[in-house]
Number of protein chains: 2
Amino acid sequence: MAKPLILVTNDDGITAPGLRALVQYMKELGDVVVVAPDSPQSGMGHAITLDNTLYSQKVQIDLESGAMAEYSCSGTPADCVKLALQELLERKPDICVSGINHGSNSSINVIYSGTMSAAIEAGIEGVPAIGLSLCDYSWEANFAPCGPFVQKIVRESLENGIPNGVVLNVNIPKTEDKGIHGIKVCRQARANWKEKFDKRTNPMGKDYYWLTGEFELLDHGEDTDEWALSQGYISVVPTQFDLTAYHAIQQLNTWDL
Amino acid sequence: MAKPLILVTNDDGITAPGLRALVQYMKELGDVVVVAPDSPQSGMGHAITLDNTLYSQKVQIDLESGAMAEYSCSGTPADCVKLALQELLERKPDICVSGINHGSNSSINVIYSGTMSAAIEAGIEGVPAIGLSLCDYSWEANFAPCGPFVQKIVRESLENGIPNGVVLNVNIPKTEDKGIHGIKVCRQARANWKEKFDKRTNPMGKDYYWLTGEFELLDHGEDTDEWALSQGYISVVPTQFDLTAYHAIQQLNTWDL
């Protein structure tokens, strides 16, 4: 049987340690092609490049990477996936894996996540897809304990098939804390960010802001991704891009529209 | 009773005719404050500004606008809403309306939409919110026929309350075609974009791409937004930011994870 073709991408940029680790794990499962942003794209959500040119070039980041080919791209994570599928890959990949992100994309973070937008873009195009994130923002985060779990999730996805219209959002607890206890299928916890804007004045006397904030968990269910992570488990949330709130349709139909 | 406080934003930028029209419609319903990007932000998805400074300034775009105050912001649509809610508004608005976008945000376009990302950001923060789009990309689009319908939808939203966790995605058919027949509550049609990259060479000899594509409708249900629009109706899709694919949880639990 032919080896699966695995598209690897991310939002931290093609040189990020999390992506380099993911390439190592994936080359044991199939043929790997990397198409990833040439610079960090965190917080890009599902942005795409409409009014600007896109550059892409074949690169070699790491002599030992074991990838069949690597391309950097000037665009967003979603752009990378579009370009990979339409221009750069010779055939449709068997799976797209995005990450491993330096930092959490659990709960409401999925909405802002460039990592997940790449996976969702692949899902929209009919390619099974997984976004992977480690809950550690450090560039020196220890990805090593993730390896066997990530391989297991990807292997199971290839074997069982991810349901149509669904993309997996995988978050991995910070491994220094208490080790990884296993994997749990979860729902997205309700939460938001309590923003705080840090207002400053630039050297020219003009005010500007830095966006900062605190994560506010509004959900104490024991079936959520936040709960699983807090207990040392990897969370797997099946995530969809049909955003229809079906439960609200009946209610809206009672309005005088 | 105090007049409702209405936050108006968009992704086409604060000078866009669609936003100016929306301000006109909204000032008949309440007190209007505008916080919108200082330049076009189409296709920004739910991007937020994490690694860069945000500027905002009080501006007067239109002497006759009737808005209580207007602020332009250097960030994305989601940034505008965060800044409005935390820094610029004196109290929580009663509703946030985003648009009127120049171009469709129906079906899968909701995923890429800056217009909807602003509305979703407000929804996450507990503010009732509506994204509004006219299916006409022209800067000279005729917004006039939208007015009474937009006012009706906003008035009904204020009276009935939009369900928690739900944001309305409103799309308005191009009015030249056959007039607006009414309003339908719909689900998001399944669709994707068939990308085509237009590959060119720049004057320095380097290849680059323009992203182009064709919308591919994969869904012929008569309860979708695309169907309603094709019949001359305004589509209202209740849209949620809990992306969990609940129907897939059971299936994933049968995997060997």
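Just so it is clear, the model here is predicted, and its values are computed rather than measured. (Residues numbered from 1 in each chain as written. Chains lettered and ligands numbered in written order. Predicted model: local features only at pLDDT ≥ 70, side-chain atom pairs only at ≥ 80, totals over all residues.)

Asks: Whenever I open this one, the pairing of strand β11 (residues 233-240) of chain A confuses me. Can you help?
Replies: Consecutive side chains of a regular strand alternate in pointing toward one face of the sheet and then the other. Residues and elements named next belong to chain A. Within β11, 8 of the 8 residues are buried, leaving the element largely enclosed by the surrounding structure. Residues Tyr 233, Ser 235, Val 237 and Thr 239 point to one face of β11 and Ile 234, Val 236, Pro 238 and Gln 240 to the other, with burial holding for every one of them. Sheet topology note: the strand β7 (residues 166-172)/β11 ladder contains 6 bridges and is antiparallel. Each bridged residue has a counterpart across the sheet, and for Val 166 the counterpart in β11 is Gln 240. Where strand β8 (residues 182-185) and β11 come together, 4 bridges link them in parallel fashion. (Buried ≥ 20, exposed ≤ 12 C-beta atoms within 10 Å, placed from the backbone. Helix = DSSP H or I, 4+ residues; strand = E, 2+ residues; numbered from the N terminus. Pairing = 2+ DSSP bridges.)

Asks: Can you help me understand the packing of helix α2 (residues 77-88) of chain B against helix α3 (residues 114-124) of chain B in this one?
Replies: For any two helices packed against each other, the geometry comes down to the angle between their axes and how far apart the axes lie. Residues and elements named next belong to chain B. Close contact between α2 and α3 brings their axes to 7 Å; oriented N to C, the two are set at 30 degrees. Of the possible angle classes, the one that applies to α2 and α3 is roughly parallel. The two elements α2 and α3 cross, and the hand of that crossing is right-handed. Counting all contacts with α2, which are made through Pro 77, Ala 78, Cys 80, Val 81 and Lys 82, the residues of α3 involved are Gly 114, Thr 115, Ser 117, Ala 118, Glu 121 and Ala 122. Partitioned by chemical class, the residues of the contact of α2 with α3 number 6 nonpolar, 3 polar and 2 charged. (Axes fitted to C-alpha atoms, helices over the stretch in contact; angles between N-to-C directions. Parallel < 35°, antiparallel > 145°, perpendicular 65-115°, else oblique. Left-handed = near helix turned anticlockwise from the far one by under 90°. Contact = placed C-beta atoms within 7 Å. Nonpolar A, V, L, I, M, F, W, Y, C, P; charged D, E, K, R; others polar.)

Asks: Whenever I open this one, the confidence of the model for chain A confuses me. Can you help?
Replies: In low-pLDDT segments, the atomic positions of the prediction should not be examined closely. Predicted confidence across chain A gives a mean pLDDT of 94, with 99% of residues reaching 70 or more. Our summary of model confidence lists the complex with pTM equal to 0.94 and ipTM equal to 0.92. (pLDDT = per-residue confidence, 0-100.)

Asks: Explanation requested: α2(B) in the structure shown.
Replies: Since one α-helical turn is 3.6 residues long, residues separated by three or four positions face the same way. The buried fraction of α2(B) amounts to 9 of the 12 residues, a majority that puts the element mostly inside the structure. Where α2(B) is concerned, the buried positions are Pro77(B), Ala78(B), Asp79(B), Cys80(B), Val81(B), Lys82(B), Leu83(B), Ala84(B) and Leu85(B).

Asks: Could you clarify how one ought to interpret the sheet that holds strand β8 (residues 182-185) of chain B in this entry?
Replies: All names here are of chain B. What the 9 strands build is an open sheet, ordered β3-β4-β2-β1-β5-β6-β7-β11-β8; its pairing is mixed. Edge positions in the open sheet fall to β3 (56-58) and β8, since each of these has one partner strand only. For this sheet, the mean angle separating the axes of adjacent strands, direction not counted, is 20 degrees. Contacts from α3 reach β1 (5-9), β5 (95-102), β6 (129-134), β7 (166-172) and β11 (233-240) within the one sheet, and its direction differs from that of β6 by about 170 degrees.

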